[in-house]
Amino acid sequence: MKAGIIGATGYAGGELVRLLMGHKEVEIEWYGSRSYVEQKYADVYRNMFEIVDARCMDDNMEELAEKVDVIFTATPQGYCASLMNDGILSKVKVIDLSADFRIKSVPVYEKWYGIEHKSPQYIEEAVYGLCEINREDVKKARLVANPGCYTTCSILTAYPLVKEGLIDTDTLIIDAKSGTSGAGRGAKLPNLYCEVNENIKAYGVANHRHTPEIEEQLGYAAGRDVVLNFTPHLVPMNRGILVTAYAKLNQVKKADGSMGLPAYEEIKAAYDAHYGKEKFVRVLDKGVCPETKWVEGSNYVDVNFIIDERTGRIIMMGALDNLVKGAAGQAVQNMNLMFGIKESEGLELVPMFP
């Protein structure tokens, strides 16, 4: 199978290259990068010296569609939508790592991203590529919207309890922290070493553009609209997302007919029902809190919870590597499903430590 990557020199694109180089069924045909055309890919990423001999090519999606079976677009918002057409989708499958096809409402997308959507006719067809939830739809898709890193961690952390009606979604608050690679490889003042080192800061408070994506997907699980608070933070590390989410527990009917808060075993059963057979979601043992270090460099998501009986709330926690399960790894997982390949192929990576 042949793959092409547009945006191969960004952090997510670079991680796609790393993962696909270890994939038994895929050969990378096209290293697309508008900024580095004709430069050796290994000169951009020196870790690829004597591993990748190819030169960077342009971002001609029409030409690329004639040469490969799947195209990954690891590009800024609006770019993939501006190029998409029936001709391309008739020849090749597309996995878009941007937000262009994640949100089903065009007005919501345009409000939160501040740009006009260039190909709204494909939004309904596009499958939201969160494999653990939409696996069967992904298998049949020709256009997949690869979820964001914050959203993947936030949704998977809370999904079982939202789906089973165990929490009051009107009280849901998500606090998330990310390593700096989540902001991309471009030179930006807020991401300079002196700005980030020895510092932690909230940003996008009450207006981060991953908010409607989380609300939409959890709304499908709840069967009604979900409105929540989402606050991201930047922390001085390269990789990782840590989500801590809070919500009021709904009362459930007990064996004696009385109403009360669900016990640990009932909450754990909900997580096990949804994730017990999942390769890449690990529900941790009682009392163990997820840490970014234990998923670094892997496609795993670690989740767990603690019930606060004093307040009647539950604290849900999740951790993943934002460049793997939060971006490139999830894209490869989607590709495997779309082409009938073993879902874990190229992704059976043991987390790195230290």
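Described below are features of the structure shown in this document. Only a predicted model underlies this, so the values are computations on that prediction, with no experimental measurement involved.

## Topic: the overall build of the protein chain
Stage number 1. When helices and strands are counted, the protein chain shows 12 helices and 15 strands.
Stage number 2. Here the C-alpha atoms of the protein chain give a radius of gyration of 20 Å, agreeing with the 20 Å that 2.2 N^0.38 yields for 354 residues.
Stage number 3. Counting only C-alpha atoms and orienting by the principal axes, one finds that the protein chain spans roughly 70 × 45 × 40 Å.
Stage number 4. When the 354 residues of the protein chain are sorted by exposure, 55% land in the buried category.
Stage number 5. Considering only contacts within the protein chain whose residues lie at least 6 apart along the sequence, 69% involve residues at least 24 apart.
Stage number 6. Of the roughly 15700 Å² of accessible surface on the protein chain, a fraction of 49% belongs to carbon and sulfur atoms.
Stage number 7. Looking at the protein chain, you have 39 positive and 49 negative side-chain charges, and the mean spots of the two groups are 2 Å apart.

## Looking at the sheet that holds strand β13 (residues 281-283)
Stage number 1. Read from one edge to the other, the open sheet built from 7 strands follows the order β8-β9-β7-β10-β15-β14-β13, with strand pairing classed as mixed. The two strands at the open ends of the sheet, each matched to only one other strand, are β8 (201-202) and β13.
Stage number 2. Taken together, the 6 bridges between strand β7 (residues 167-178) and strand β9 (residues 229-234) define a ladder with parallel strand orientation. Residue I174 lies in a different strand from β9, and its bridge partner there is F230.

## Some words on the environment of Y31
Stage number 1. Looking at where Y31 falls in the secondary structure, it is placed in strand β2 (residues 27-32).
Stage number 2. Residues Y31 and G13, spaced 18 residues apart in sequence, show a C-alpha to C-alpha distance of 9.0 Å.
Stage number 3. Apart from residues no more than four positions distant in its own chain, Y31 is found in contact with I5, A8, V17, M21, Y41, V52, A54, R55, C56 and M57.

## A word on the packing of aromatic side chains
Stage number 1. Overall, the coordinates contain 9 aromatic pairs when judged by the stated rule.
Stage number 2. Relative to Y113, the ring of Y109 lies with its centre 5.1 Å away and its plane at 20°, an arrangement referred to as stacked. Of this pair, Y109 and Y113 both sit in helix α6 (residues 106-113), separated by 4 residues, roughly a single helical turn. In this pair, the class of Y109 matches that of Y113, namely buried.
Stage number 3. Summarising the aromatic geometry, the rings of Y271 and F305 are spaced 5.4 Å apart at their centres and angled 5° between planes, so their arrangement reads as stacked. Taken together, the positions of Y271 in helix α11 (residues 264-275) and F305 in strand β14 (residues 301-308) put the pair 34 residues apart, joining distant regions of the chain.
Stage number 4. Ring pairs connect the aromatic residues Y264, Y271, Y275 and F305, which therefore count as one cluster.
Stage number 5. Note that K93 overlies the ring of F339, its terminal NZ or CZ placed 4.9 Å from the centroid.
Stage number 6. Here the guanidinium or amino end of R282 rests over the ring plane of Y300, the centre of that ring lying 4.5 Å away.

So, how was this worked out
- The residue count restarts for each chain, going from 1 along the sequence in the order it is written.
- Reporting of local features is limited, given that this is a predicted model, to residues whose pLDDT is at least 70; pairs of side-chain atoms are given and counted only at 80 or more, and all residues count toward the totals for whole chains, interfaces and linings.
- Side-chain descriptors were evaluated using all non-hydrogen atoms of the structure, hydrogens and water having been removed beforehand.
- Where helices and strands are cited, they refer to DSSP runs of H or I of at least four residues and of E of at least two residues respectively, numbered from the N terminus.
- Radius of gyration means the value over C-alpha atoms here, while the globule rule gives 2.2 Å times the residue count to the 0.38 power.
- Exposed residues in this analysis have more than 50% of their type's maximum accessible area, buried residues have under 20%, and partly exposed residues fall in between, with area computed by a 1.4 Å probe over protein chains only.
- In what follows, residue pairs with any heavy atoms lying within 4.5 Å of each other are defined as contacts.
- Note on areas: these come from Shrake-Rupley sampling with a 1.4 Å probe, and a residue is covered only by the protein chains present in the view.
- The convention is simple: Lys and Arg are positive, Asp and Glu are negative, and His and the chain ends are not counted.
- Where a charge sits is defined by one atom per residue type, namely NZ (Lys), CZ (Arg), CG (Asp) or CD (Glu).
- Paired strands, in this sense, are two strands between which DSSP finds at least two bridges.
- Two aromatic rings from Phe, Tyr or Trp, using only the six-membered ring of Trp, form a pair when their centres are within 6.5 Å; if the ring planes differ by under 30 degrees the pair is stacked, by over 60 it is edge-to-face, and anything between is tilted.
- Placement of a positive charge over a ring is assigned whenever Lys NZ or Arg CZ falls within 6 Å of the ring centre and within 35 degrees of the normal to the ring plane.

So far we have only geometry, and geometry alone does not tell us how the molecule works.
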